[in-house]
Amino acid sequence: MMVFDRRKSILEAAEKSFSMFGYKATTMDQVAKIANVGKGTIYTFFKNKEELFNEIVTGMVKEMRELARNSINEEDNFFNNLHRALYSVLEHRKEHQLAIKLSQEVREIGTQAAIDALALVENAILAFLELEIERGIDNNEVKECDPSLTAFLMFKMYIALIFDWEKSHQSLTKEEIANHFEFYMMRGIKVEQ
């Protein structure tokens, strides 16, 4: 006999609702209906919509961290590891329905909870990158630099190559992104004399 996990059911229903309607338009009534539980049952597990939402966003961040960690191969070099990790995390974000809906809500309405959620995701990615850059410096694979600023620049370049470029150009393949990233970020455009 399988035990019905109400908390898990509520979380899954809430993620579905937030993904379909966004943070602002999701109600506890909708979540209860999708989860097939009474609204009061939700409040036995979560104080309010914010707490429920935060739990889901925290889960999404954990998922992305795990993806990034699993992309790292100790045998491979810094650049290949970083490219694999960044690409997999951003591709996941690009295809993750909740992340898509939150980005749309931020653009269209500017809901603070959606802004905060996306900032949490971005900060987790930046923290991961910063640690990897520090490891690259320690292993003499990366020149001495400000890891925080470098992580920020790398992240923004990837965002530009994966999301922004395709708004007005043909999408780049994974290999093209890796090549551009290596060219602009790792080697630079200056001609050596």
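You'll find the structure just up there.
About the criteria used
Residues numbered from 1 in each chain as written. Predicted model: local features only at pLDDT ≥ 70, side-chain atom pairs only at ≥ 80, totals over all residues. Heavy atoms only, no water. Salt bridge = Lys/Arg side-chain N within 4 Å of Asp/Glu carboxyl O. Helix = DSSP H or I, 4+ residues; strand = E, 2+ residues; numbered from the N terminus. Buried < 20%, exposed > 50% of the residue type's maximum accessible area, 1.4 Å probe, protein only. Phe/Tyr/Trp six-rings, centres within 6.5 Å; stacked < 30°, edge-to-face > 60°. Axes fitted to C-alpha atoms, helices over the stretch in contact; angles between N-to-C directions. Parallel < 35°, antiparallel > 145°, perpendicular 65-115°, else oblique. Left-handed = near helix turned anticlockwise from the far one by under 90°. Contact = heavy atoms within 4.5 Å. Nonpolar A, V, L, I, M, F, W, Y, C, P; charged D, E, K, R; others polar. 1 Å grid on protein atoms, 1.4 Å probe; cavity = no way out; pocket = protein on both sides within 12 Å on 5 of 7 lines; lining within 4 Å. Points joined across faces, edges and corners; volume = space filled by probe spheres on them.

(A) View of the pattern of salt bridges. Taken as a whole and assessed by the stated rule, the structure comprises 9 salt bridges. In this structure, K39 engages D29 in a salt bridge whose closest nitrogen and oxygen atoms are separated by 3.5 Å. Of this pair, K39 sits in helix 3 (residues 39-45) while D29 sits in helix 2 (residues 28-35); the two residues are 10 residues apart in sequence, bridging distant segments of the chain. We classify K39 as partly exposed; its relative accessible area is 36%. Residue class for D29 comes out partly exposed when judged on its relative accessible area of 48%.

(B) Focus on the packing of aromatic side chains. Taken as a whole and judged by the stated rule, the model has 6 aromatic pairs. The interplanar angle of 10° and the centroid separation of 5.9 Å between the aromatic rings of F18 and Y23 together place this pair among those described as stacked. One exposure class covers both F18 and Y23, and it is buried. Taken together, a centroid distance of 4.8 Å and an interplanar angle of 85° make the contact between F183 and Y184 edge-to-face. Ring pairs connect the aromatic residues F18, Y23 and F53, which therefore count as one cluster.

(C) How the structure looks around the packing of helix 5 (residues 78-95) against helix 9 (residues 174-187). Running from N to C, helix 5 and helix 9 cross one another at 125°; their axes reach a closest spacing of 11 Å. By the angle class used here, helix 5 and helix 9 are oblique. Remark: the crossing between helix 5 and helix 9 carries right-handed chirality. Of helix 9, the residues touching helix 5 (which contributes F78, F79, H83, L86 and Y87) are K174, I177, A178, F181, E182 and M186. Here the contact of helix 5 with helix 9 is composed, by residue class, of 8 nonpolar, 1 polar and 2 charged.

(D) Focus on the packing of helix 8 (residues 147-164) against helix 9. Running from N to C, helix 8 and helix 9 point in directions that differ by 145°, and their axes come no closer than 11 Å. Crossing of helix 8 over helix 9 shows right-handed handedness. Side by side, helix 8 and helix 9 meet where T150, L153, M154, M157, Y158, L161 and I162 of the first sit next to I177, H180, F181, Y184, M185 and M186 of the second. A per-class count over the contact of helix 8 with helix 9 returns 11 nonpolar, 2 polar and no charged.

(E) Focus on empty space enclosed by the protein. By the definition in use, this model includes 1 cavity of 30 Å³ or more. Each pocket or cavity is described by its volume, and for the largest cavity that value is around 70 Å³. Considering the residues around the largest cavity, the lining is formed by M64, R65, A68, A85, L86, V89, A124, I125, F128 and L129. Sorting the residues of the lining of the largest cavity by element identifies helix 4 (49-71), helix 5 and helix 7 (112-138) as the ones contributing at least two each. Among the elements that take part in the lining of the largest cavity, helix 7 stands out by supplying 4 residues, more than any other. When grouped by side-chain class, the residues that make up the lining of the largest cavity number 9 nonpolar, no polar and 1 charged.

(F) Spotlight on the layout of surface pockets. There is about 440 Å³ of room inside the largest pocket. Taken together, 17 residues make up the lining of the largest pocket; nearest its centre are R93, S103, R107, F163 and K167. At the level of secondary structure, the elements contributing two or more residues to the lining of the largest pocket comprise helix 5, helix 6 (97-108), helix 7 and helix 8. Within the lining of the largest pocket, the residues separate by chemical class into 8 nonpolar, 2 polar and 7 charged. Taken as a whole, the second largest pocket holds about 350 Å³ of empty space. Lining the second largest pocket are 14 residues; nearest its centre among them are V142, K143, M185, M186 and R187. With 4 residues, the top contributor of residues to the lining of the second largest pocket is helix 9. The residue makeup of the lining of the second largest pocket, split by class, is 8 nonpolar, 2 polar and 4 charged.

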